[in-house]
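Listed below are the residues making up each chain.
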Amino acid sequence: TALTAQAVKDQRPDAVIVATGSVPAPIKISGVERDFVTTAQAVLEGKVSLGQKVAVIGGGMIGCETANHLAHHGRTPIIIEMLCELAGEEPVAIKRVLLQSLRDKGVDIHCNSTVTGIRKDGSIEIIQDGERRILGPFDNVILAGGMQPIHDLTDELRGTVGSLQTVGDANAVRTVLEALEEGYEAGLRV
């Protein structure tokens, strides 16, 4: 059962710890509504069936880990990243192992590449180093452009309970270890 602000108000708790998590951040690219386009979260949760050739848009932690997962499960992924490096927010030791795994699996990487559109045939329009290119076609396109916190419940409860704490990705998108530590500390404060 989803917890609503009204249910919290009805129960009148002394404290509330909101840990509602995050959702994929919207990506404004022409063609994201196509049926072969999905999110990294849907892929990692096993909610979609994928073809062989897969493009991952976003080379941050989520995109790289998704491409690595796919490469280790027999798919042929490529990564398209607008920045000049992959997995910039990943801790150095983990990043080194992840990037080596991508290299070992032959994952094609396109940095400095801005996606401008996803065509109905599964190909992707990019601008790479100032030059227009077409990649693909692909069986699937996976959006891994990051996450954004779910603030709704926190916003609705603000000022209605004695102690309100927001933890984990509901506060700010970070790693699992950071979310666990923040949840633990919130529990100690109650």
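A brief look at the structure comes next. (Residues numbered from 1 in each chain as written. Predicted model: local features only at pLDDT ≥ 70, side-chain atom pairs only at ≥ 80, totals over all residues. Heavy atoms only, no water.)

1. Structural notes on the sheet that holds strand β5 (residues 76-80)
For step 1, the next point in the chain: Taken together, five strands build an open sheet; the order of strands is β3-β10-β4-β5-β6 and the sheet is parallel. With partners counted over all chains shown, the strands left at the sheet margins are β3 (37-39) and β6 (108-110), one partner each. Shown here is a sheet whose adjacent strand axes are inclined to one another by a mean of 25°, direction ignored.
For step 2, the next point in the chain: As judged from the four bridges shared by strand β4 (residues 53-57) and strand β10 (residues 140-143), these two strands associate in the parallel manner. Directly across from I57, in β10, lies its bridge partner L143.
For step 3, the next point in the chain: In this fold helix α3 (residues 61-72) packs onto β4, β5 and β10, with an angle of close to 165° to the strand it touches most, β5. (Pairing = 2+ DSSP bridges. Helix = DSSP H or I, 4+ residues; strand = E, 2+ residues; numbered from the N terminus. Axes fitted to C-alpha atoms, helices over the stretch in contact; angles between N-to-C directions. Contact = heavy atoms within 4.5 Å.)

2. Some points on the packing of aromatic side chains
For step 1, the next point in the chain: What the rule picks out here adds up to zero aromatic pairs.
For step 2, the next point in the chain: For K53, the ring lying beneath its charged end belongs to F138, and the centroid distance is 5.6 Å. (Phe/Tyr/Trp six-rings, centres within 6.5 Å; stacked < 30°, edge-to-face > 60°. Lys NZ or Arg CZ within 6 Å of the ring centre and 35° of its normal.)

3. Looking at the pattern of salt bridges
For step 1, the next point in the chain: What the rule picks out here adds up to five salt bridges.
For step 2, the next point in the chain: One salt bridge in this structure joins K95 and E85, with 2.5 Å as the shortest N-O distance. With K95 in helix α4 (residues 92-104) and E85 in the loop between β5 and α4, this pair connects stretches of sequence that are ten residues apart.
For step 3, the next point in the chain: Where D155 meets R158, a salt bridge forms, and the shortest distance between an N and an O atom there is 3.1 Å.
For step 4, the next point in the chain: The exposure class of D155 is partly exposed, given its relative accessible area of 43%.
For step 5, the next point in the chain: According to the relative accessible area criterion, R158 is exposed, its value standing at 54%. (Salt bridge = Lys/Arg side-chain N within 4 Å of Asp/Glu carboxyl O. Buried < 20%, exposed > 50% of the residue type's maximum accessible area, 1.4 Å probe, protein only.)

4. A closer look at the pairing of strand β7 (residues 113-118)
On a regular strand, one side chain projects to one face of the sheet and the next to the other, so that they alternate.
For step 1, the next point in the chain: Of the pairings in the sheet, the one linking β7 to strand β8 (residues 124-128) comprises five bridges and is antiparallel in character. Note on β8: the bridge partner recorded for T114 is I127.
For step 2, the next point in the chain: Linking two consecutive strands that pair antiparallel, namely β7 and β8, is a turn of five residues; a positive phi of about 90° is found at G122 within it.

5. Describing the side chain of K95
For step 1, the next point in the chain: Note on K95: relative accessible area 17%, which makes it buried.
For step 2, the next point in the chain: In this structure, K95 is in contact with E85, L86, A87, G88 and E90, ignoring residues within four places of it in sequence.

6. Notes on the nonpolar core
For step 1, the next point in the chain: Among the nonpolar cores identified, the biggest contains 19 residues, and V56, C64, L70, I79, L86, L102 and I142 are the most heavily contacted of them.
For step 2, the next point in the chain: For this core, the secondary structure elements donating two or more residues are α2 (40-44), β4, α3 and α4.
For step 3, the next point in the chain: For this core, the element with the most residues is α3, which contributes four residues.
For step 4, the next point in the chain: Those residues in contact with V56 that lie beyond four places of it in its chain are G63, A67, L70, I78, I79, I80, I142 and A144.
For step 5, the next point in the chain: Formed by 15 residues, the second largest nonpolar core is a distinct cluster that contains A55, I124, L135 and V141. (Core = buried A, V, L, I, M, F, W, Y, C linked by side-chain atoms within 4.5 Å.)

7. Topic: the state of the cysteines
For step 1, the next point in the chain: Per the stated rule, a full pass over the model turns up zero disulfides.
For step 2, the next point in the chain: There is no disulfide at C64, and the cysteine sulfur nearest it, in C111, is 8.1 Å away.
For step 3, the next point in the chain: We classify C64 as buried; its relative accessible area is 0%.
For step 4, the next point in the chain: Cysteine C111 remains unbridged, with the sulfur of C84 as its closest cysteine sulfur at 7.4 Å. (Disulfide = S-S within 2.5 Å.)

8. Things to note about α3
For step 1, the next point in the chain: Under the 1.5 Å per step criterion, the end-to-end length of α3 is 16 Å for twelve residues, consistent within 8% with the ideal 16 Å.
For step 2, the next point in the chain: Among the residues of α3, those classed as buried are M61, G63, C64, T66, A67, N68, L70 and A71.
For step 3, the next point in the chain: The secondary structure elements touched by the buried residues of α3 are α2, β4, β5, α4 and β10.
For step 4, the next point in the chain: G74, located one to two residues past α3, shows a positive phi value of around 85°. (Expected span 1.5 Å × (residues − 1).)

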